[in-house]
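This is what each chain is made of:
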Amino acid sequence: MNAPYELGLPTAAQWINRYASLGEAFYTRLPAQGLPEPRWVATSDAAAHGLGWPRDWWARSDALSVFSGNALWPGMDPLATVYSGHQFGVWAGQLGDGRALLLGEVQTPSGGMEVQLKGSGRTPYSRMGDGRAVLRSSIREFLCSQAMHALGIPTTQALCLVASPLPVLRESVETAAMVTRLAPSFVRFGHFEHFCHHGQPQALRRLADFVIDHHLPECRRQAHPYAALLETVVRRTAEMVAQWQAVGFCHGVMNTDNMSILGLTIDYGPFGFLDAFDPAHVCNHSDTQGRYTYHRQPQIALWNLHALAQALMPLIEDTDLALAALETYRSAYPDALMRLMRAKLGLRTREDSDAELVDAWLTLLARDRVDHTLAWRRLGQFPVDAARGAGPVRDLFIDRAAFDAWAARYRQRLARESSHDGERRAAMDRVNPKYILRNHLAEIAIRQAQAGDDGEVRRLLRVLERPYDEQPENEADAALPPDWAHSIEVSCSS
Ligand code: AMP
Ligand code: MG
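Residues numbered from 1 in each chain as written. Chains lettered and ligands numbered in written order. Predicted model: local features only at pLDDT ≥ 70, side-chain atom pairs only at ≥ 80, totals over all residues. Heavy atoms only, no water.

Participant: Explain the packing of helix 11 (residues 354-367) against helix 12 (residues 372-379) here, please?
Facilitator: Viewed as axis vectors pointing N to C, helix 11 and helix 12 meet at an angle of 135°, and their least axial separation amounts to 11 Å. As summarised for this structure, helix 11 and helix 12 are arranged oblique, according to the angle between their axes. Crossing angle aside, the handedness with which helix 11 passes helix 12 is right-handed. Together, Trp361, Leu362 and Leu365 of helix 11 and His372, Ala375, Trp376 and Leu379 of helix 12 make up the contact between the two elements. Here the contact of helix 11 with helix 12 is composed, by residue class, of six nonpolar, one polar and no charged. (Axes fitted to C-alpha atoms, helices over the stretch in contact; angles between N-to-C directions. Helix = DSSP H or I, 4+ residues; strand = E, 2+ residues; numbered from the N terminus. Parallel < 35°, antiparallel > 145°, perpendicular 65-115°, else oblique. Left-handed = near helix turned anticlockwise from the far one by under 90°. Contact = heavy atoms within 4.5 Å. Nonpolar A, V, L, I, M, F, W, Y, C, P; charged D, E, K, R; others polar.)

As structure tokens, then:
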């Protein structure tokens, strides 16, 4: 009898683990160290839907055991993968899944989806770590994964979140949790760096072939498949980072081991969304040098792509080919950003001066430290007809004269393409979110969950799953952050 099948969950035969076929050099097979006394904190219907699982999949009697690392469904084949990487610009040597386990892969209508536990205990790659993840950081990863997914930004997803009373020592004693993450592949730049730096060219080639054949098959049809692989990653990474910049997302730890080969946002740690627009914002309290400052993210992504290119050189062989692939970033990133910025401004046509219009707007936001999300959202109500004023966006600025000067330019630009207020607002509301995971919202949910009440995590998840919708009952979640929000410090500790 296979009960998961009755519920629409995969049977033993439907669980596969293609990564395991790579061979022993790539991973270590081992079981999870289960969490004691687990409880469900939250599950994501959207993530379950993507897997083709029924909404009530988690109500199956053994589901909590499986997703707290205490049991396996038939067909699951847990393993921890090895990778290396550059951390804060310095070669860090061997890393790996120090607290994550790949359970296997599920076939979905849109292809294979890997299922991974995070916080599932020590592995051979744990180094000094305890293999655990605390409830605080797990709530942040769970909520942000699904918030980013709903925003339409490429990301790993989170299926469910389980908590346990197990004590875990960080700066203070906290409790353990486990997030189940989903992605077509969890391969990182660091996986390639590992096999290059450890002098294993055959394994490097195997990994590149694996990624091409299973995830980026179009590369195989190119004259130089490995150069095509690099160029594809360059383009996807440029697109991902452009989307981060457009929404005001700071990753916080853009080390090469935290960069996905598929251009997905991965490893949510000390991330943060901008409240007040400050290009020099550093969201990670541990990043004392400001390496991962918001405005440096596009440049850092390119630095990381250079590290990937270096790792792929034994396969690409031709330096000019690798440099040409990297060079695509110089147009792919600004092109992606301008496409997003035009949409955020509600522009349908392209004019050469649009980049200046965007720059001037961002300069205004930065000078007055205007709330990034509110400013973009309210701009949607700006009327073309000057007789009708400027709408609620103007109230956000201290320097009204500077705003008015910019608004006159924007108004002329809109008039030149005969922009219609109602249509433009509808289009802008589909790209300028009303609801983002502000730090203080996560903090409130964390404090309540730490006190045993998970209701706020689940409520916030539902709000963040519809970031572009007006939700009159949740207006408070779209408001300016309270004063205490400025004192929240998010570090690497997780
Ligand atoms: P991160 O900075 O979170 O991306 O982690 C960098 C490396 O440290 C990865 O190899 C992680 O698996 C590992 N790591 C982070 N925290 C822990 C932990 N508590 N226990 C074991 N390994 C960890
Ligand atoms: Mg990481």
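Participant: In this structure, what is going on with the domain arrangement of the chain? I would like to understand it.
Facilitator: Where interface size is quoted, it is often the accessible area lost as the parts come together. What the domain assignment reports for the chain is domain 1 (4-186), domain 2 (190-339) and domain 3 (345-429). With centres defined by C-alpha atoms, the gap from domain 1 to domain 3 works out at 42 Å. (Domains from an automatic or database assignment.)

Participant: Could you clarify how one ought to interpret the coordination of the magnesium ion (ligand 2) in this entry?
Facilitator: Between any two of four tetrahedral donors, the ideal angle at the metal is 109.5 degrees; between two of six octahedral donors, it is 90 or 180 degrees. For the magnesium ion (ligand 2), every protein donor is listed as Asn258 (OD1) and Asp267 (OD), and the spread of their distances is 2.0 to 2.2 Å. When sorted by exposure, asparagine 258 lands in the same class as aspartate 267, which is buried. (Donors = N, O, S within 2.8 Å, 3.2 Å for Na, K, Ca; no water. Buried < 20%, exposed > 50% of the residue type's maximum accessible area, 1.4 Å probe, protein only.)

Participant: Looking at this structure, I do not really get the packing of aromatic side chains. What am I missing?
Facilitator: Two measures describe an aromatic ring pair: the distance that separates the ring centres and the angle between the ring planes. The full count for this structure, using the stated rule, is 25 aromatic pairs. Here the aromatic rings of tyrosine 19 and phenylalanine 210 are separated by 5.7 Å at their centres, their planes lie at 85°, and the arrangement is edge-to-face. Pair noted here: tyrosine 19 is in the loop between strand 1 (15-16) and strand 2 (27-29) and phenylalanine 210 is in helix 6 (residues 201-214), with a separation of 191 residues, a long-range link. Residue class for phenylalanine 210 comes out buried when judged on its relative accessible area of 6%. (Phe/Tyr/Trp six-rings, centres within 6.5 Å; stacked < 30°, edge-to-face > 60°.)

Participant: What am I meant to see in the pattern of salt bridges here?
Facilitator: Pairing is possible between side chains that carry opposite charge, provided their charged atoms lie close to one another. Summed over the entire model, instances satisfying the criterion amount to 38 salt bridges. Notably, a salt bridge pairs glutamate 24 with arginine 29, separated by 4.0 Å at the nearest N-O pair. The exposure class assigned to glutamate 24 is exposed, which follows from its relative accessible area of 63%. On the basis of relative accessibility, which here comes to 44%, the residue arginine 29 falls in the partly exposed class. One salt bridge in this structure joins arginine 220 and aspartate 209, with 3.2 Å as the shortest N-O distance. With arginine 220 in the loop between helix 6 and helix 7 (225-247) and aspartate 209 in helix 6, the pair connects residues that are eleven residues apart, well separated along the chain. Here the residues in one salt-bridge network are Arg342, Glu351, Asp354, Arg413, Arg416 and Glu417, joined through shared partners. (Salt bridge = Lys/Arg side-chain N within 4 Å of Asp/Glu carboxyl O.)

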